[in-house]
Amino acid sequence: MPANFVSRDGLRERLDTRSARYPLTLVCAPAGYGKTLLLADWVEKTGAADKAWVSLDGGDNDAGRFWTAVLSAVCGCAPVPSSSRLHTLHPPGVPDAAGFFADLIDGLAALPAPLYLVLDDLQEIEDEHTWHGIAMLVRHQPRNVRLVLSTRADPQLPLARLRLQGELAQLRAGDLRFSTEHAAELLRRADAGLDDDQVRRLVEQTAGWPAGLRLAARSLRDVSDREAFLVEFAGNDRAVADFLVSEVLARLPAATADVLALVSVCDEVTPALAAALSGRPDAGAILAGLERDNSLVLGVGSDRQWFRTHPLLRSYLLADLSRQRPGVLAELHETAAEWFAERERPDKALEHVTLTGENRTMVDLLGRHGATVLLAGDDHGSVRRALASVGDHTVRQLPTLALISALEHTQVGEHAQAEADLASCWTAWPDRPAAELVRLRQLVLATQALARGQALPVEPLDWPAVIGALDGGDLEAWARLAHGWKLLRAGAVAKARSELATAARLARQQGFDYVAMHSLSALAVLSCRDGAFPAAESTCAAAVELAYAHGWTVSPWLTADHVMVGFARLLSLDPDAALDEARHAAATLPADADAHLLRYLIDLLTGAALIDAGRRQDGLAMLARARHDHGDAGIPTPLLAAGMVFEHRATLDLGHEALAQQLVAWTRDRIGTVAELALMQARTSFAHGALAATESAIREVLDDPRPPLCPTTRLEARLLETALEIRLGRRTRARGALDAALELAEPSSLIRPFHHADASVRRLLLEQVGGFGRTNAFAARVSQLVSTIDAETADVLTSREHAVLMRLSSPQSLDELASDMSVSVNTVKTHVRAIYAKLGVNNRRAAVVAGRQLGLS
């Protein structure tokens, strides 16, 4: 808060009362009316714990970035517990995706206490997708959420309807204008006191405009004839604003005014940059002196080593500089570009050099720094603008610029344009290219393949030599990522893991978020391959955070991250969260992606999660679709085997025995005699009561010296072995098999297989909790989760439906059941239909199987 800030208690209390009473509070007034200061004073006085604040600027005209900022602010508030699903919610790849807003609104509605969401400077938002989302939030606003919007103009919302419905409170310019009492207090604090009549006249002439009063106070301190100063004021807001700006500058020492004008080419400056722009070593001291007043210049950053001129004043100064000294303006931009380039801020350097029109400098900066700006991910727009300024003709003629353009297009998913850039590069390729140019081309080609989830180009390249040449340089992390991806595709797992971990570490040290995001995603693939799903989930979360922070919302790697997180949630028995991740994965997959594998995995994840959520028929249909659409499209064998195990289990649970046999044959034909096939055969035998065949097939799985294709195969075999031993009356051996299952499941928190185990296994687990030794804590958690879901399923059936289910395993017809229960056959048929719907089955045998699995019969 400014040192001479005047706290207006009545206005703050009105804001507090109205924001608590009305769902939406609009604070709307032109620039300089103190909207932000009023809201900041309100937050400070009433407490910030329940208030999420988002300060907006032009960079937020991206729906993904906007909603990322909103979620970040909301999740930092006290009313949002760590268990809230808001912490795991991510903005959609399609900016107006209805699913994201439904999840956001549901998450907000579930908060245990009221929450205020403040959106400051909302006039900065012009993107229609972002406004569509804001309107949706307003339309479906939860009762426990209060929106406070600060803007210079009416937002694109149905204000009239909200006002008529009594859902809108407003504070406008008339409410924010300074009274004579508050103006007098401001002038006294600024050592620019006037008598009562002079204060009244100043308030009339400025219409109580707070910024005008602050600027007038700054000038009044240095004038001897205050009456003459007041006489010269014009009578309307615009004229007053223009007059105050020019009058303030006119009252400043010439050196101070000149420094302000010269530094206006930058939105923020350090003392050193101010000195370079103005040619005055004391420029920093001049700005620091103005900062103490806190109306013309503001110190920003935790160490306050950067200065920002008041936006209104800077706009005026920059426009005046452009009109009066256009040649000087270009020179200032060139100076700023050189200063930023020397201090490793190429993004800012490109921003300024684009405004100079100096193509030679732009070409040089793009060639030296274009790749590093893109890899950092801070502002690829500066590279795009610089390339556009240079012109397509020049870009096509220079291989380096064509490669930079290809990398920029690849980052934003414009692969056709990237291909065109690469073609231009090859056309202009020199006969004797420099080694740096060859490496840049290979890295761009590798990045394009990586971004599309494809194999690296087949042309030979000595990656260790490339990395050695770049050792310690800016591009080493990039080269290690490409090499690690090639090793992963080749199956050299240990070497790939080492290379990718080094790439991630270097990328984070250098601030290359684009490289870090891809490195983390590839490391997560390795974790999933090893069955380390919690580690994969954590790594993917870090990659997803980077992707959404930079707006990389349509990418096969972001899709893969959501898929991997989804399977981690699925295996930890959280089907709702798994379905959320499947939806995010589908939304982030590029429309033109040739991605049979990712589409297969999305369908697989969705089908399995639907089954766990109780929608068994829908889930089985989705699993079948995954196999039919993608099963012969080169899906890696381990993932194909996982899908077969999922689908086979679902067909048995639903009583589709013929289909289960077909799946066994399908798996044998395409995958061969692997452990997963033996597991499927063991399940089939157990379902038919062929216990000897079951035991033989289980031994095939457990005694095979080869590692299974899927990380859960041996765990599921142990659980089936437990059920078999219970069926055979060998309880001690059953307990041993269950111990072995817990040992396999505990390291990666694999809970889902216990949910799908036979009901007898779940009962044994519950009975034995407390005696499992090292794995007992995990066993207790598994038992609690599985028992909760079982209880929820049991509660779904009424007592009469449960009685009917108990009799469905008998050979009696429905007429005989009705007679036995002394009810009409139509009543029995009604109960049977309800049982089928609630258990997600469509026939009598499937209902019996599902009932037994859930311990209901």
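Provided above is the structure to which this section pertains.
By convention here, each chain's residues receive numbers from 1 onward along its written sequence. In view of the model being predicted, local features appear only for residues whose pLDDT reaches at least 70, and side-chain atom pairs are presented and counted only at 80 or more, with totals across whole chains, interfaces and linings using the full set of residues. Only hydrogens and water are set aside; all other atoms, that is, all heavy atoms of the structure, feed into the side-chain values.

**Structural notes on the nonpolar core**
Part 1 of the argument: Nonpolar cores are built from buried Ala, Val, Leu, Ile, Met, Phe, Trp, Tyr and Cys residues. Side-chain atoms within 4.5 Å join them into one set. Only protein chains enter the area calculation, which uses a 1.4 Å probe; residues under 20% of their type maximum are buried, those over 50% are exposed, and those in between are partly exposed. Among the nonpolar cores identified, the biggest contains 148 residues, and V269, L277, W478 and F754 are the most heavily contacted of them.
Part 2 of the argument: Secondary structure is summarised from DSSP: a helix means a run of H or I of at least four residues, a strand means a run of E of at least two, and numbering begins at the N terminus for each. With ten residues, the single largest contributor to this core is helix α28 (residues 513-529).
Part 3 of the argument: Throughout, a contact is declared for two residues whenever any of their heavy atoms are within 4.5 Å. Setting aside residues no more than four positions away along its own chain, V269 makes contact with V263, A274, L277, L287, Q305, W306 and F307.
Part 4 of the argument: Within the second largest apolar cluster, 42 residues are counted, among which are A63, A135, L137 and L162.

**Here's the deal with the side chain of H630**
Part 1 of the argument: Note that H630 resides in helix α33 (residues 616-630).
Part 2 of the argument: With relative accessibility at 7%, the residue H630 sits in the buried group.
Part 3 of the argument: Throughout this description, a polar contact denotes any pair of N or O atoms lying within 3.5 Å of each other; where both atoms belong to protein, one of them has to be capable of donating a hydrogen while the other can accept it, and for residues adjacent in sequence the pair is counted only when both atoms sit in side chains. In terms of polar contacts, H630 uses its side chain to reach the side chain of H596, at 2.9 Å.
Part 4 of the argument: Ignoring sequence-local partners within four residues, the contact set of H630 consists of H596, R599, Y600, D603, R625 and I635.

**Description of the sheet that holds strand β2 (residues 51-55)**
The pairing of strands in a sheet happens through backbone hydrogen bonds and is either parallel or antiparallel.
Part 1 of the argument: The five strands lie next to each other as β2-β3-β4-β1-β5, forming an open sheet whose pairing is parallel. Both edges of this open sheet fall to β2 and β5 (168-172), since each of them pairs with a single strand only. Recorded for the sheet is a direction-independent mean angle of 15 degrees between the axes of neighbouring strands.
Part 2 of the argument: Of the strand pairs in this sheet, strand β1 (residues 24-28) and β5 are connected by five bridges, and their pairing is parallel. By the bridge assignment for β5, L24 is matched with L168.
Part 3 of the argument: Helix axes are fitted only over the stretch in contact, all axes being lines through C-alpha atoms; the angle between N-to-C directions runs from 0 to 180 degrees. Its contacts with the sheet put helix α3 (residues 63-75) on β2 and β3 (115-120), and the angle it makes with β2 is roughly 150 degrees. A pair of strands is treated as paired once DSSP finds two or more bridges between them.

**Notes on helix α35 (residues 657-670)**
Owing to its 3.6 residues per turn, the α-helix brings residues three or four apart onto one side.
Part 1 of the argument: Take the number of residues in a helix, subtract one, and multiply by 1.5 Å to get its expected span. Its 14 residues give α35 an end-to-end C-alpha distance of 20 Å, which sits within 8% of 20 Å, the value for a rise of 1.5 Å per residue.
Part 2 of the argument: Within the span of α35, buried status applies to A660, L663, V664, W666 and T667. Buried positions in α35, seen along its axis, are confined to an arc of 165 degrees and lie on one side of it. Those residues of α35 that are exposed and angled more than 90 degrees off the buried face are A658 and D669.
Part 3 of the argument: The positive-phi residue at the C-terminal boundary of α35 is G672, with phi of around 95 degrees. By definition, the arc is the one covered by directions from the helix axis to the C-beta atoms.

Taken by themselves, the reported measurements are silent on function.
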